[in-house]
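# Coordinate inspection notes
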Amino acid sequence: MAASLLSIPSSLLLLLLLLLLLHAPPLAFSQPFVGVNYGQVADNLPPPESTAKLLASTTIGKVRLYGADPGIIKALANTGIGIVIGAANGDIPSLASDPAAAAGWVGANILPFYPASNITLVTVGNEVLMSNDENLISQLLPAMRNMQGAITAAGLGGQGEGVSDPPSSGLFHPSFEGRLRDLLEFQRENGSPLAINPYPFFAYQSDPRPETLAFCLFQPNAGRVDSGTGIKYMNMFDAQVDAVYSALKALGYKDIEIVVAETGWPYNGDSNEVGPSVENAKAYNGNLVAHLRSLVGTPLMPGKSVDTYIFALYDEDLKPGPTSERSFGLFKPDLTMAYDIGLSKSSQTPASPTAPVTPTPKPTGMGWCVPKSGVSDAQLQAALDYACSQNIDCSPIQPGGTCFDPNTVASHAAFAMNLYYQTTGKNPWNCDFSQTATLTTNNPSYNGCVYPGGST
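Remember, it's a predicted structure, so these values are computed and weren't measured experimentally. (Residues numbered from 1 in each chain as written. Predicted model: local features only at pLDDT ≥ 70, side-chain atom pairs only at ≥ 80, totals over all residues. Heavy atoms only, no water.)

### A look at the pattern of salt bridges
This structure, assessed with the given rule, holds nine salt bridges. Its salt-bridge partner being E262, residue R64 comes within 3.7 Å of it at the nearest N-O pair. The pair formed by R64 and E262 is uniform in burial state, with each residue classed as buried. For D207, the salt bridge identified is with R209, shortest N-O distance 2.8 Å. With relative accessibility at 22%, the residue D207 sits in the partly exposed group. A single salt-bridge network, built from bridges that share partners, covers D207, R209 and E211. (Salt bridge = Lys/Arg side-chain N within 4 Å of Asp/Glu carboxyl O. Buried < 20%, exposed > 50% of the residue type's maximum accessible area, 1.4 Å probe, protein only.)

The following block contains the structure:
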């Protein structure tokens, strides 16, 4: 997960996957842009049927498998949950050399289950370009073409499916450019998104300063300005995703959609590992879900949420490497939460990024968001900077604006925090700001300064 294809060392791993879309309506109660990775390198996983019931109790809309396990695919039948299945790297040579092999793969792994099992995407290979296997790399595109043909022939439709600083300077490593152009051209022809693995966790490990941690965890921070565009980024996730967009744009493929195939944060690690903790994992994953739900998007791709698969559903206790590699699970084998990030249908409120809190009731559409008493000016300034970076209109608190006076950090932060809350859906997690804000039924408007809100 730690390697990168971008010319500048990073924590972002780019994958080229063929994701073949089998059209299906989204679940009524799911978050269609929130998915989860279901790895199986473990000997203690619950039965697939139990996992299916668990997923049905959440707002997770999609599950990504790293293969095509028939037991799991069958267990997810009639749940409506979107399923991503994959052809392994070992399948690529036969898929590339023989269209009949691709037809056989589709016949064995899709047709017996679809449409009862909502198979929405098919991946071809995993991290192939990072394998340094020239023979395998050369066979990837032919395999993709044959798989595309097999899915189309089966009448299943068929569209197919690294980081730098600053984001606008994102470029793919020159040694991969030739291969990438061929693959990207194929993806363009078939409407195939590009799958990437942004991991702010690894970015923090390489720069373990407090301000970097806040930037990686979507917490209030001073932000980082892209010297190429002047855009101020308020979190690492957006910066990493936009770096890929910039790299695609530089190659002439900015029209290709981006999908986040993996991202996550470990809740445990070895004593020499920087960053793993329950607190940080709750903060990253919980704030990521809130960010996706806001539909704000990224600075270069505003107004929509990138389809994102969180890593992972369960720990994989047989994976090699440091303890963190076995500590990404959102749920335990007994189906209880490792920590709460607001995915349960019964309570969609993410747990606090810094301390456990009582779940907040569902939003009522009433009230205003204001700073808590006793919050420092430094914290308020960070919240103010964050809110005004999220495409809200902060002109009323600029000189000459109706809410400029009193010209204090507290007053300006209160206006911006409330406007952010009102604009992003009036959900409890939109009025958190790292536990510096609270909801009130007392209208904070004064004189000619009107705070939007109240009963709706």
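### Focus: the confidence of the model for the protein chain
Summarising the model, the protein chain shows a mean pLDDT of 85, and 86% of its residues fall at 70 or more. Taken element by element, the predicted model of the protein chain shows its lowest mean pLDDT in strand 1 (residues 12-15) (49) and its highest in helix 2 (residues 70-75) (98). Every residue in residues 1-14 is under pLDDT 50, and counting partners more than four places away or in other chains gives 70 contacts. Note that residues 23-29 has pLDDT below 50 and, in this model, nine contacts with residues that lie over four places away or in other chains. (pLDDT = per-residue confidence, 0-100. Helix = DSSP H or I, 4+ residues; strand = E, 2+ residues; numbered from the N terminus. Contact = heavy atoms within 4.5 Å.)

### Description of the state of the cysteines
Counted under the stated rule, the structure contains three disulfides. The disulfide that involves C369 links it to C431, with 2.1 Å between the sulfurs. Linking C369 and C431, the disulfide has an S-S dihedral of approximately 90 degrees and is accordingly described as right-handed. Remark: C431 occurs in the loop between helix 12 (409-423) and strand 14 (437-440) and C369 occurs in strand 13 (residues 368-371); sequence separation between them is 62 residues. Looking at C369, the relative accessible area reads 0%, which means it is buried. Owing to a relative accessible area of 7%, C431 belongs among the buried residues under this scheme. In this model, C388 is linked to C394 through a disulfide, with the two sulfur atoms separated by 2.0 Å. Measuring the twist about the S-S bond at about -100 degrees, one finds the C388-C394 disulfide to be left-handed. Residue class for C394 comes out buried when judged on its relative accessible area of 8%. Ordinal numbering of bonded cysteines along the protein chain defines a disulfide pattern of 1-5, 2-3, 4-6. (Disulfide = S-S within 2.5 Å.)

### Structural notes on the packing of helix 11 (residues 377-388) against helix 12
Viewed as axis vectors pointing N to C, helix 11 and helix 12 meet at an angle of 40 degrees, and their least axial separation amounts to 8 Å. Here helix 12 runs oblique to helix 11, going by the angle between their axes. Like other packed secondary-structure pairs, helix 11 and helix 12 cross with a definite hand, here left-handed. Listed contacts from helix 12 to D377, L380, Q381, A383, L384, Y386, A387 and C388 of helix 11 are V409, A410, H412, A413, A416, M417 and Y420. In the contact of helix 11 with helix 12, the residues fall into twelve nonpolar, two polar and one charged. (Axes fitted to C-alpha atoms, helices over the stretch in contact; angles between N-to-C directions. Parallel < 35°, antiparallel > 145°, perpendicular 65-115°, else oblique. Left-handed = near helix turned anticlockwise from the far one by under 90°. Nonpolar A, V, L, I, M, F, W, Y, C, P; charged D, E, K, R; others polar.)

### Details of the packing of helix 5 (residues 134-153) against helix 6 (residues 177-189)
Between helix 5 and helix 6, the least distance of the axes is 11 Å, while the angle of their chain directions is 10 degrees. With respect to helix 6, the element helix 5 is oriented roughly parallel. Residues E134, I137, S138, L140, L141, M144, R145 and Q148 of helix 5 form the contact with helix 6, whose own contacting residues are R179, D182, L183, F186, Q187 and E189. Classifying every residue of the contact of helix 5 with helix 6 by side-chain character gives six nonpolar, three polar and five charged.

### Notes on helix 10 (residues 278-294)
Relative to the 24 Å expected for 17 residues at 1.5 Å per residue, helix 10 spans 24 Å between its end C-alpha atoms, a close match to the ideal helical length. Counting buried positions along helix 10 yields 15 of 17 residues, so the element is predominantly enclosed. Trailing helix 10 by a residue or two, L295 shows a phi angle of about 60 degrees, which is positive. (Expected span 1.5 Å × (residues − 1).)

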